[in-house]
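Residues per chain are reported as follows:
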Amino acid sequence: MSGFAAVDVIRAKRDGGVLSDAQIDWVVDAYTRGLVADEQMAALAMAILLRGMSAQEIARWTAAMIASGERLDLSPVSRPTVDKHSTGGVGDKITLPLTPLVAACGAAVPQLSGRGLGHTGGTLDKLESVPGWRAALSNVEFIAQLRDVGAVICAAGEGLAPADRKLYALRDVTGTVEAIPLIASSIMSKKIAEGTGALVLDVKVGTGAFMKNVDDARELARTMVELGGAHGVRTVALLTDMSTPLGLTIGNAVEVTESVEVLAGGGPADVVELTLALAREMLAAAGLPDADPAAALRDGRAMDSWRRMIRAQGGDPDAPLPTAPEVEVVRAESDGFVAAIDAYAMGVAAWRLGAGRARKEDPVSIPAGVVLHKRPGDPVRAGDPLYELRAEDAGRIPAALADAARAVTVAPAAPERKPLVIERVG
Ligand code: URA
């Protein structure tokens with residue numbers, strides 16, 4: 001007998017109390033082992049969402065989640081290791097060009113990524129557009145690729161923070177994803193367990209993000225930066241705008257194509273800007289402040305690194321990506337300027353086209369998605385193409401059209417330009 005009862009822990013948090021270290025260690029461990037039931041953990045997660053947690057409680061909860069599994073040792077990798085994590089957005093393909101770019105500049109990037117759920121896309125789903133590429137690597141393969149290529153993007157193994165795996169799935173279906181202590185501990189437990197030496201966080205703010213306002217995003221960023229520091233991982237965060245989708249593509253294959261354009265020295269200005277801003281932070285955090293990521297994009301080193309990374313995981317970087325048979329082009333009805341493209345509504349449109357999944361077991365459509373022809377601020381004439389919807393199945397287009405139409409506003413005057421990088425926390 002442990003001397004604890006789940007219902008007492010739930011009541012303590014429900015009534016606004018502070019959980020002891022021993023209560024936290026016990027409840028996280030007992031839940032992972034199936035001794036605390038899902039409904040009890042769901043009640044506790046809701047109490048945490050409503051009552052919050054102290055800094056000490058969050059630190060202990062994170063440590064307990066790390067302790068639920070293994071912690072990788074990346075010491076066989078001779079280069080400094082640095083990873084990046086985005087809290088998730090629409091059109092957020094930055095990991096794809098960023099990982100090989102930072103590797104090309106001398107660091108090693110151990111990027112354990114996830115799959116999309118809801119309106120936000122997942123890096124692994126996007127990369128699976130590349131014929132032959134495989135997401136699952138053993139720990140031995142992961143460390144060997146990190147040592148030899150310097151860049152890995154793969155699925156997190158079952159052994160890393162299993163408490164988070166179970167809890168995240170439960171939060172997803174109980175309306176408890178949005179609790180800052182639970183988001184911070186979820187993200188940081190996985191990143192700390194992965195063994196990276198440094199970490200740069202891209203905390204998204206806006207309609208397409210978990211955090212809808214800057215104050216909440218700043219609190220999440222500060223909480224994660226402190227957690228990283230407390231576990232010996234140099235951590236900084238950028239708060240970045242997610243009220244508009246990133247770049248011109250939202251989906252899987254379409255985002256890979258755009259990422260390759262960035263690696264070839266082109267691509268949309270906002271994707272290049274954010275990729276370089278995060279690369280500079282990562283290289284500084286890795287102790288390589290003089291590296292020049294813009295030069296690595298220009299001179300082909302980043303592209304070479306991408307090709308090596310894709311090949312190392314069985315992918316063919318030269319294979320054509322699948323294209324969608326159904327394409328619907330939507331045109332402007334009046335002259336003016338694109339005033340806004342709402343990230344959330346466009347993310348839902350891409351999801352309805354099949355780019356995302358409704359349940360975590362569902363497959364995603366590789367070629368489905370949205371391609372924007374205009375960005376906010378662009379002038380338009382009546383009849384100009386605004387965006388196109390792509391799907392494998394024409395039956396998916398009408399519902400997506402309704403969301404996409406809601407997302408895009410054309411107005412007589414140009415909107416004010418918003419900065420992409422809002423603030424740095426570190
Ligand atoms: N991403 C995570 O890994 N965990 C969360 O709780 C939210 C976003």
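How each quantity is defined
- Residue positions are given per chain, counted from 1 along the sequence in the order it is written.
- Totals for whole chains, interfaces and linings use every residue, but because this is a predicted model, local features are given only for residues with pLDDT of at least 70 and side-chain atom pairs only at 80 or more, for both listing and counting.
- The side-chain figures draw on all heavy atoms in the structure; neither hydrogens nor water molecules are used.
- Residues are classed as near a molecule or strand on a simple rule: at least one heavy atom within 4 Å of it.
- Between N or O atoms, a polar contact is any pair within 3.5 Å; within protein, one atom must be a potential hydrogen donor and the other a potential acceptor, and residues adjacent in sequence are included only when both atoms are from side chains.
- Only the protein chains shown count as cover for residues, and the accessible areas themselves come from Shrake-Rupley with a 1.4 Å probe.
- Numbering of helices and strands runs from the N terminus; a helix is a DSSP stretch of H or I covering at least four residues, while a strand is a stretch of E covering at least two.
- Put simply, Ala, Val, Leu, Ile, Met, Phe, Trp, Tyr, Cys and Pro go in the nonpolar bin, Asp, Glu, Lys and Arg in the charged bin, and everything else, Gly too, in the polar bin.
- To qualify as a nonpolar core, a set must consist of buried Ala, Val, Leu, Ile, Met, Phe, Trp, Tyr and Cys residues joined through side-chain atoms within 4.5 Å.
- Using a 1.4 Å probe on the protein chains alone, a residue whose accessible area is under 20% of its type maximum counts as buried, one over 50% counts as exposed, and one in between counts as partly exposed.
- Throughout, the edges of the domains are those of an automatic or database domain assignment.
- The contact criterion used throughout is that any non-hydrogen atoms of two residues lie within 4.5 Å.
- What makes two strands pair is DSSP finding at least two bridges between them.
- Throughout, an axis means a line fitted to C-alpha atoms (over the contacting stretch in the case of helices), and angles, computed between N-to-C directions, take values from 0 to 180 degrees.
- Salt bridges, as used here, are contacts in which a Lys or Arg side-chain nitrogen is within 4 Å of a carboxyl oxygen on Asp or Glu.
- Orientation is classified from the angle alone, with under 35 degrees giving roughly parallel, over 145 giving roughly antiparallel, 65 to 115 giving roughly perpendicular, and any other angle giving oblique.
- Each helix crossing is assigned a hand: it is left-handed if the near helix lies turned anticlockwise from the far helix by less than a right angle, otherwise right-handed if that turn is clockwise.
- Once two parts are brought into contact, the accessible area they lose, counted with a 1.4 Å probe and summed over both, makes up the buried area.

Asks: What should I look at first to understand the site of the ligand in this one?
Replies: Surveying the vicinity of the ligand reveals the residues Y168, R171, I183, S186, I187, K190 and F210. Contact between the ligand and R171: an oxygen atom at 2.9 Å from a side-chain N or O atom of the residue. Separating an oxygen atom of the ligand from a side-chain N or O atom of K190 is a distance of 2.5 Å. In the complex, the protein chains occlude 91% of the 240 Å² of accessible area that the ligand would expose alone. Secondary-structure elements contributing two or more residues to the shell around the ligand are helix 8 (162-172) and helix 9 (180-194). With 4 residues, helix 9 is the largest single contributor of residues to the shell around the ligand. Residue composition of the shell around the ligand, by class: 4 nonpolar, 1 polar and 2 charged.

Asks: Got a minute to help me understand the nonpolar core in this structure?
Replies: Counting 73 residues, the largest nonpolar core has V102, W306, M346, V370 and Y387 as its most contacted members. The dominant element in this core, judged by the number of residues it contributes, is helix 12 (residues 269-285), at 9 residues. Two domains each provide a minimum of three residues to this core, namely domain 2 (82-159 + 174-312) and domain 3 (326-411). Beyond its immediate sequence surroundings of up to four residues, V102 is in contact with V82, A107, V109, A279, M282 and L283.

Asks: So what exactly am I meant to see when it comes to the sheet that holds strand 7 (residues 326-331) here?
Replies: By definition, the strands of a sheet pair up through backbone hydrogen bonds, in either a parallel or an antiparallel sense. Taken in spatial order, the 4 strands line up as 6-9-11-7 in an open sheet, and their pairing is antiparallel. Only two strands of the sheet have a single partner each, and these edge strands are strand 6 (249-251) and strand 7. In this sheet, adjacent strand axes meet at a mean angle of 15° when their direction is disregarded. Lying on the sheet, helix 11 (residues 253-263) is in contact with strand 6, strand 9 (369-372) and strand 11 (385-391); it crosses strand 6 at an angle near 140°. Taken strand by strand, helix 15 (residues 343-352) contacts strand 6, strand 9 and strand 11, and its axis lies near 130° from that of strand 9.

Asks: Any chance you could explain the pattern of salt bridges here in plain terms?
Replies: Oppositely charged side chains are able to pair whenever their charged atoms sit close together. Tallying each qualifying case throughout the model produces 30 salt bridges. The salt bridge involving D29 is made with R33; its shortest N-O contact spans 3.0 Å. Looking at D29, the relative accessible area reads 35%, which means it is partly exposed. Here R218 ties to E423 by a salt bridge, and the two come within 2.7 Å at their closest N and O atoms. Residue R218 is located in helix 10 (residues 214-230), and its partner E423 is located in strand 13 (residues 421-425); the two are separated by 205 residues in the primary sequence. A residue is classified by how much of its surface remains accessible, and E423, at 24% relative accessible area, is partly exposed. Members of the salt-bridge network, linked through shared partners, are R115, D125, E128 and R357.

Asks: What's the story with the packing of helix 1 (residues 6-14) against helix 3 (residues 38-51) in this structure? I'm lost.
Replies: How two helices sit against one another is set out by the angle between their axes and by the gap between those axes. The contact between helix 1 and helix 3 brings their axes to 8 Å, and the two run at 15°. Here helix 3 runs roughly parallel to helix 1, going by the angle between their axes. In terms of crossing hand, the pair formed by helix 1 and helix 3 is left-handed. For the pair formed by helix 1 and helix 3, the contact residues are A6, V9, I10, K13 and R14 on the first element and Q40, A43, L44, A47, I48 and R51 on the second.

Asks: Even after reading the chapter, I still don't get the environment of L72, so can you show me in this structure?
Replies: Relative to the helices and strands, L72 is located in the loop between helix 4 (55-67) and strand 1 (82-86). L72 sits in the buried class, given a relative accessible area of 10%. With 71 residues separating them along the chain, L72 and I143 place their C-alpha atoms 9.1 Å apart. Not counting chain neighbours up to four residues away, the residues in contact with L72 comprise N139, F142, L160, A193, E194 and G195.

Asks: I keep staring at the domain arrangement of the protein and nothing clicks. Help me out?
Replies: Often, the extent of an interface is quoted as the loss of accessible area on bringing the components together. For the protein, the domain assignment lists domain 1 (6-52), domain 2 (82-159 + 174-312) and domain 3 (326-411). Averaged C-alpha coordinates put domain 2 and domain 3 at centres separated by 24 Å. With 25 residues of domain 2 at the interface, the matching set in domain 3 holds 26 residues. Across the domain 2 to domain 3 interface the summed buried area is about 1800 Å²; carbon plus sulfur atoms make up 60%. Summed over the three residues of domain 2 that lose the most area to domain 3, namely H119, L248 and I250, the buried surface amounts to 29% of that side. Summed over the shared surface of domain 2 and domain 3, the result is 2 salt bridges. The tally of links from domain 2 across to domain 3 stands at 12 residue pairs in polar contact (both at pLDDT 80 or more). Elements that contribute at least two residues to the side of domain 2 that touches domain 3 include exactly strand 6 and helix 11. Sort the elements by how many residues they give to the side of domain 2 that touches domain 3 and strand 6 lands first, with 3 residues. When its residues are assigned to classes, the side of domain 2 that touches domain 3 shows 9 nonpolar, 12 polar and 4 charged.

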